[in-house]
Amino acid sequence: MKIPKRLSAILLAAVIIMLTSCQTKRTYSNDITTLSDQASSTTVVDITKETAVQDATVPATADLTAVSATAAATTKTPADPYKTALTYCVDTDRFSQQKNIDKRIYPASMTKFLTACTALKYVKPDAKFTVGSEQDMVQPESSLCLIQKGNVLTLYDLLTGLLLMSGNDAAYTIAVGTARQLRPNDKLSDKQAIAYFCELMNQTAKEIGMTDSRFETPDGWDSKNQYTTTADLLTLTKYAIKNPNIKKIISIKETKVTFAAGGSITWKNHIKLIDPKSPYYCKDFVGGKTGTTDSAGYCLISVFEKNSKEYIIIVTGCKDDNSRCAATLDLYGRIK
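Here the structure is a predicted model, which means the values were calculated and not measured. (Residues numbered from 1 in each chain as written. Predicted model: local features only at pLDDT ≥ 70, side-chain atom pairs only at ≥ 80, totals over all residues. Heavy atoms only, no water.)

Hey, could you run me through the pattern of salt bridges in this one?
Side chains that differ in sign of charge can pair as their charged atoms come close. The full count for this structure, using the stated rule, is 11 salt bridges. The partner of R180 in a salt bridge is D190, and the shortest N-O contact between them spans 2.7 Å. Of this pair, R180 sits in helix α6 (residues 168-182) while D190 sits in helix α7 (residues 190-208), and the two are 10 residues apart along the sequence. The class of R180 is partly exposed, set by a relative accessible area of 32%. A relative accessible area of 14% places D190 in the buried class. Here R183 ties to D186 by a salt bridge, and the two come within 2.6 Å at their closest N and O atoms. A residue is classified by how much of its surface remains accessible, and D186, at 41% relative accessible area, is partly exposed. A cluster of three or more residues bridged by salt bridges with shared partners is formed by K272, D321 and R324. (Salt bridge = Lys/Arg side-chain N within 4 Å of Asp/Glu carboxyl O. Helix = DSSP H or I, 4+ residues; strand = E, 2+ residues; numbered from the N terminus. Buried < 20%, exposed > 50% of the residue type's maximum accessible area, 1.4 Å probe, protein only.)

Structural data, given as structure tokens:
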């Protein structure tokens, strides 16, 4: 029987529509399978703000294939517990891991590596500083090494409190004491001394090759115009650990410091990777510096020695102390 041309055209169009529909469903189904496979291989499932923003940018009129492809792209790599990170071998000058290392971040107490480097650049470790009214500038709820007004300590001891206990109180005494030793005739107020020391910090940062950083406080407290990058923190860390005083201090587990006028205090390294009783203990861990603020999250700079080589690992923006320790050990475990 001969089929009329009009009916033939209608049947042909129907077949094309059916085939197109099947192809669309097949493509979408494959994408979902891929997502399921990827999700099953991810230990921790985490929906980040970054992913949410990317999903929100998909046009409302996009077809299912386009939406699925976008979703797949956002989950191609499992969500990391950090915002920026790197693993770097000092001896070979090579990265084995990096993420967002040129993105600007808040430096938090990782700033204290620069505070220490700047002070040691101008003042001898055995120089004596007296704790004074600069303590009134320390922010409430700061991490402290519990020095008191009137205490007399050497710069080395103050650096121990700065790096071991992350003492913001030590940071301010170091900053003011250094500034006044460099300008003894200017009778600098506490505020002027801090401002001058921060100028020296920025000058030091520039000299050692930090290209995208600015510092306004000696302790790293969140400040609107204070920032750095993980790449710059690597530059800072490489410079800092070349100083034998800093290298020695960050490797200390616990120490007792005696004040010049009597009395003493015991400081303990609170980085869990150095504590044999901690589940995060690592025998290859040399030392490091933590950083924690609302804007920076939980951060950690770590130095390791493995197979006669020195490694630096930095993670920033973690959700808590355990997370930054676990993330660091995960990156360390990937070193071959």
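That was the structure; now back to the text.
How do you make sense of the side chain of Q135 when you look at a structure like this?
Examined against the element boundaries, Q135 turns out to sit in the loop between β4 (128-130) and β5 (152-154). Note on Q135: relative accessible area 14%, which makes it buried. Not counting residues within four places of it along the chain, the set of residues in contact with Q135 comprises I147, K149, D169 and T173. (Contact = heavy atoms within 4.5 Å.)

Which parts of the structure should I look at to understand unusual backbone geometry?
Located in the positive-phi region is S166, a residue other than glycine, with phi close to 55°. Its place among the elements puts S166 in the loop between α5 (155-164) and α6.

Explain helix α10 (residues 321-333) here, please?
Residues spaced three or four apart along an α-helix face the same direction, because each turn holds 3.6 residues. In this model, α10 (13 residues) spans 18 Å end to end at C-alpha, consistent with the 18 Å of a helix rising 1.5 Å per residue. Of the residues making up α10, those classed as buried are D321, S323, R324, C325, A327, T328, L331 and Y332. Looking at the buried positions of α10, the neighbouring elements they touch are β1 (84-89), β2 (94-99), β9 (285-293), β10 (297-306) and β11 (309-318). Put simply, D320 is the residue that caps the front of α10, since its side-chain oxygen is 3.3 Å from the backbone nitrogen of N322. (Expected span 1.5 Å × (residues − 1). Polar contact = N/O pair within 3.5 Å; in protein donor to acceptor, adjacent residues only side chain to side chain.)

What should I look at first to understand the side chain of S166 in this one?
Judged by relative accessible area, which is 4%, S166 ranks as buried. Within the structure, the side chain of S166 is placed 3.3 Å from the side chain of S109, a separation counted as a polar contact. Beyond its immediate stretch of four places on either side in the chain, S166 contacts S109, K112, S143, G161, H270, K289 and T290.

Got a minute to help me understand the packing of aromatic side chains in this structure?
To describe a pair of aromatic rings, one takes the distance between the centres and the angle between the planes. As enumerated under the stated definition, the model contains 3 aromatic pairs in all. Seen from their ring centres, F285 and F304 are 5.6 Å apart, and the 70° between their planes marks the pair as edge-to-face. Taken together, the residues span a long stretch of sequence, with F285 in strand β9 and F304 in strand β10 at a distance of 19 residues. Neither F285 nor F304 differs from the other in exposure class; each is buried. An aromatic cluster of three or more residues is present, and its members are F285, F304 and Y332. Sitting over the face of the ring of Y227, R104 holds its NZ or CZ atom 3.9 Å from the ring centroid. The cationic tip of R183 hangs over the ring face of Y196; the distance from NZ or CZ to the ring centre is 4.6 Å. (Phe/Tyr/Trp six-rings, centres within 6.5 Å; stacked < 30°, edge-to-face > 60°. Lys NZ or Arg CZ within 6 Å of the ring centre and 35° of its normal.)

Quick question: what am I supposed to make of the packing of helix α4 (residues 112-122) against α5 here?
The description of two packed helices rests on the angle between their axes and on the distance between the axes. The contact between α4 and α5 brings their axes to 10 Å, and the two run at 170°. Taken together, the axes of α4 and α5 lie roughly antiparallel to each other. The segment α4 lies against α5, with K112, F113, T115, A116, A119 and L120 engaging L155, L159, L162 and L163. Class assignment for the residues of the contact of α4 with α5 results in 8 nonpolar, 1 polar and 1 charged. (Axes fitted to C-alpha atoms, helices over the stretch in contact; angles between N-to-C directions. Parallel < 35°, antiparallel > 145°, perpendicular 65-115°, else oblique. Nonpolar A, V, L, I, M, F, W, Y, C, P; charged D, E, K, R; others polar.)

Please explain the environment of E254 as it appears in this structure.
One can find E254 in strand β7 (residues 254-258). Setting aside residues up to four positions removed in sequence, E254 forms contacts with T266, W267 and K268.

Sorry if this is basic, but what is going on with the packing of α5 against α6 here?
Packing of α5 against α6 leaves a shortest axis separation of 8 Å and a crossing angle of 145°. Where α5 crosses over α6, the handedness of that crossing is left-handed. Counting all contacts with α5, which are made through L155, L158, L159, G161 and L162, the residues of α6 involved are A170, A171, T173 and I174. (Left-handed = near helix turned anticlockwise from the far one by under 90°.)

Before we go on, may I ask you to explain the sheet that holds β9 in this structure?
If you walk across this open sheet you meet the 5 strands as β2-β1-β11-β10-β9, and the pairing is antiparallel. Both outer strands of the open sheet, β2 and β9, are each paired with one neighbouring strand and no more. Ignoring strand direction, the axes of neighbouring strands in this sheet form an average angle of 5°. Note: β1 against β2, 5 bridges, orientation antiparallel. In the sheet register, T87 faces β2, and the bridge partner there is Q97. Relative to β11, helix α8 (residues 230-240) is tilted by about 140°, and along the sheet it contacts β1, β2, β10 and β11. (Pairing = 2+ DSSP bridges.)

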